[in-house]
Amino acid sequence: MISETFSSIGKNEAIEKLYEGTPYKPFERTSFELQSKGYSTVKNRTFTEGMDFDLSYFPLKHLGYKCVTAVTGDLYSEMSHPRTLSAVMGVSSKLDYGEIKEIWSGIVIAAKEHGYSKVSLDLRPSLNGLIVSLAANGETSLLTGKRRMPAKSMDLICISGNIGAAYLGFRILEREKKRMESGTKEKTFVTDDYKIIIGEYLKPEINPGIVTLLEEEDIIPSFGYLISEGLADTVRRLVRDSGLGAKIYVDKIPFAGKTFDLGKELGIDPVTAALNGGDDMRLLFTIPIGKHDKFRHDFQTFDIIGHLAKPEVGAALVTPDGVEFPIKAQGWK
């Protein structure tokens, strides 16, 4: 089968072809009317080959899906409902139309899943590999904005699922890549259990209904973040933005099954992977302490891993025996 090239199709014609079979229209303006006289939010993310992903083992459809998940998670962290999405792909000569179509199909699947009403696409040339840049627009209702209460000491710090697995999954893929490049005939030992962990890196998922659920249950977080560069970085940002301290309890951090077995195999402490690994794509919210019982009952997929504290506490990691250590993260003093 002969691969279609952009030179034979033409850029604009290629974009029109990519939209065929999707619920979106090419070259449509991605403006939208605020339905509730609320707040508009814009989030941007750029993913570059060699830094954010490796095409030698990253399925193209998963790549498109993951990019949309990341930028949409940024909207959800601010209690914003997705409305429109703009995508720009910098395409190098090594990628043909069929491969770009695979990435685009992942973008469309995720966009439909999260309820985007419009999605725009542009294709640009790139000399340094594939680049995927996304800008997501969302809307927070005026009522939700008014119901957001200031953060207070003892408010709960909650996350939407296990962390650390994505980094370990990435390390497995890097290990297997090196084996293939070295030509070794040694039998791989990526088990089905480890494939689940690899999936946390390749195709992370976020509940599309999370903002609506929180609004319906009258649980409005005072702060929210997407954990994409490690829990330590996220907690440091929370302390900076809230002006309060934060205590995270090691024995409350959730881990996926087989995480500790894999960590031992790779020589990586799962707690370190959770704090500094990145790519988990989990939501972190601070919830008023008065909502504790209701939150525990209605949001059982979330884990309460700590609480806000007095400012002098700073960002602290608390061991099971009660010893506190300052949380350190890359990019912070």
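Since we're looking at a predicted model, the values are computed, not measured.

Draft legend 1. Region of interest: the sheet that holds strand β8 (residues 282–287). Read from one edge to the other, the open sheet built from 7 strands follows the order β6-β8-β5-β9-β7-β10-β11, with strand pairing classed as mixed. Strands at the two margins of the open sheet, each flanked by one partner only, are β6 (223–227) and β11 (324–326). For this sheet, the mean inter-axis angle between neighbouring strands, taken without regard to orientation, is 25 degrees. Here strand β5 (residues 156–159) pairs with β8 via 4 bridges, running antiparallel. In the sheet register, Leu156 faces β8, and the bridge partner there is Ile287. Running at roughly 165 degrees to β6, helix α3 (residues 60–77) makes contact with β6 and β8 of the sheet. Against the sheet, helix α9 (residues 231–242) contacts β5, β6, β7 (245–249), β8, β9 (303–309) and β10 (315–318), and its axis sits at roughly 160 degrees relative to β6.

Draft legend 2. Representation of the packing of aromatic side chains in the model. Applying the stated criterion across every chain yields a total of 9 aromatic pairs. Ring geometry for Tyr19 versus Trp104: centroids 5.0 Å apart, planes at 55 degrees, classification tilted. Of the two residues, Tyr19 sits in helix α2 (residues 11–19) while Trp104 sits in helix α4 (residues 97–113), which places them 85 residues apart along the sequence. Accessibility assignment for this pair places Tyr19 and Trp104 in one class, buried. Residue placement shows Lys66 over the ring face of Tyr201; its charged tip is 3.9 Å from the ring centre. Seen from the ring of Tyr65, Lys203 lies directly overhead, with NZ or CZ sitting 4.0 Å from the centre.

Draft legend 3. Just the sheet that holds strand β1 (residues 39–48), in detail. The strand order β1-β4-β2-β3 describes an open sheet built from 4 strands, whose pairing is mixed. Every other strand in the sheet has two partners, leaving β1 and β3 (118–125) as the edge strands with one partner each. Recorded for the sheet is a direction-independent mean angle of 15 degrees between the axes of neighbouring strands. Bridging between strand β2 (residues 81–91) and strand β4 (residues 131–140) involves 9 bridges; their strand directions are antiparallel. Counterpart to Val88 in the pairing with β4 is Ser133.

Draft legend 4. Region of interest: the layout of surface pockets. Taken as a whole, the largest pocket encloses approximately 640 Å³ of empty space. Lining the largest pocket are 27 residues, and of these Met51, Asp52, Ser228, Gly277 and Asp279 lie nearest its centre. Those elements giving two or more residues to the lining of the largest pocket turn out to be β1, α3 and α6 (165–182). A breakdown of the residues in the lining of the largest pocket according to their chemical character gives 12 nonpolar, 7 polar and 8 charged. Of the volumes computed, that of the second largest pocket is approximately 170 Å³. Forming the walls of the second largest pocket are Ser160, Glu205, Ile206, Asn207, Ile210, Leu213, Arg282, Leu283, Asp298, Phe299, Thr301 and Phe302. Those elements giving two or more residues to the lining of the second largest pocket turn out to be α8 (210–216) and β8.

Draft legend 5. Structural detail: the packing of α6 against helix α10 (residues 259–266). Packing of α6 against α10 leaves a shortest axis separation of 11 Å and a crossing angle of 45 degrees. Of the possible angle classes, the one that applies to α6 and α10 is oblique. As α6 runs across α10, the sense of the crossing is left-handed. Facing Leu168, Arg171, Ile172 and Arg175 of α6, the residues of α10 in contact are Thr259, Leu262, Gly263, Glu265 and Leu266. The class makeup of the residues in the contact of α6 with α10 is 4 nonpolar, 2 polar and 3 charged.

Draft legend 6. Spotlight on the pattern of salt bridges. Summed over all chains, the structure comprises 18 salt bridges. Glu49 is the salt-bridge partner of Lys94, the closest N and O atoms lying 2.5 Å from each other. Note that Lys94 is positioned in the loop between β2 and α4 and Glu49 in the loop between β1 and α3, a separation of 45 residues in sequence. When its relative accessible area of 54% is taken as the criterion, Lys94 is described as exposed. Looking at Glu49, the relative accessible area reads 19%, which means it is buried. Between Lys294 and Asp298 there is a salt bridge whose closest N-O contact spans 3.4 Å. Here the residue Lys294 and the residue Asp298 both occupy positions in helix α12 (residues 292–298), the gap between them amounting to 4 residues, near one helical turn. Since its relative accessible area comes to 32%, Asp298 is described here as partly exposed. A single network of salt bridges, built from pairs that share partners, joins Arg175, Glu176, Arg179 and Glu265.

The rules behind the values
- Residues numbered from 1 in each chain as written.
- Predicted model: local features only at pLDDT ≥ 70, side-chain atom pairs only at ≥ 80, totals over all residues.
- Heavy atoms only, no water.
- Pairing = 2+ DSSP bridges.
- Helix = DSSP H or I, 4+ residues; strand = E, 2+ residues; numbered from the N terminus.
- Axes fitted to C-alpha atoms, helices over the stretch in contact; angles between N-to-C directions.
- Contact = heavy atoms within 4.5 Å.
- Phe/Tyr/Trp six-rings, centres within 6.5 Å; stacked < 30°, edge-to-face > 60°.
- Buried < 20%, exposed > 50% of the residue type's maximum accessible area, 1.4 Å probe, protein only.
- Lys NZ or Arg CZ within 6 Å of the ring centre and 35° of its normal.
- 1 Å grid on protein atoms, 1.4 Å probe; cavity = no way out; pocket = protein on both sides within 12 Å on 5 of 7 lines; lining within 4 Å.
- Points joined across faces, edges and corners; volume = space filled by probe spheres on them.
- Nonpolar A, V, L, I, M, F, W, Y, C, P; charged D, E, K, R; others polar.
- Parallel < 35°, antiparallel > 145°, perpendicular 65-115°, else oblique.
- Left-handed = near helix turned anticlockwise from the far one by under 90°.
- Salt bridge = Lys/Arg side-chain N within 4 Å of Asp/Glu carboxyl O.

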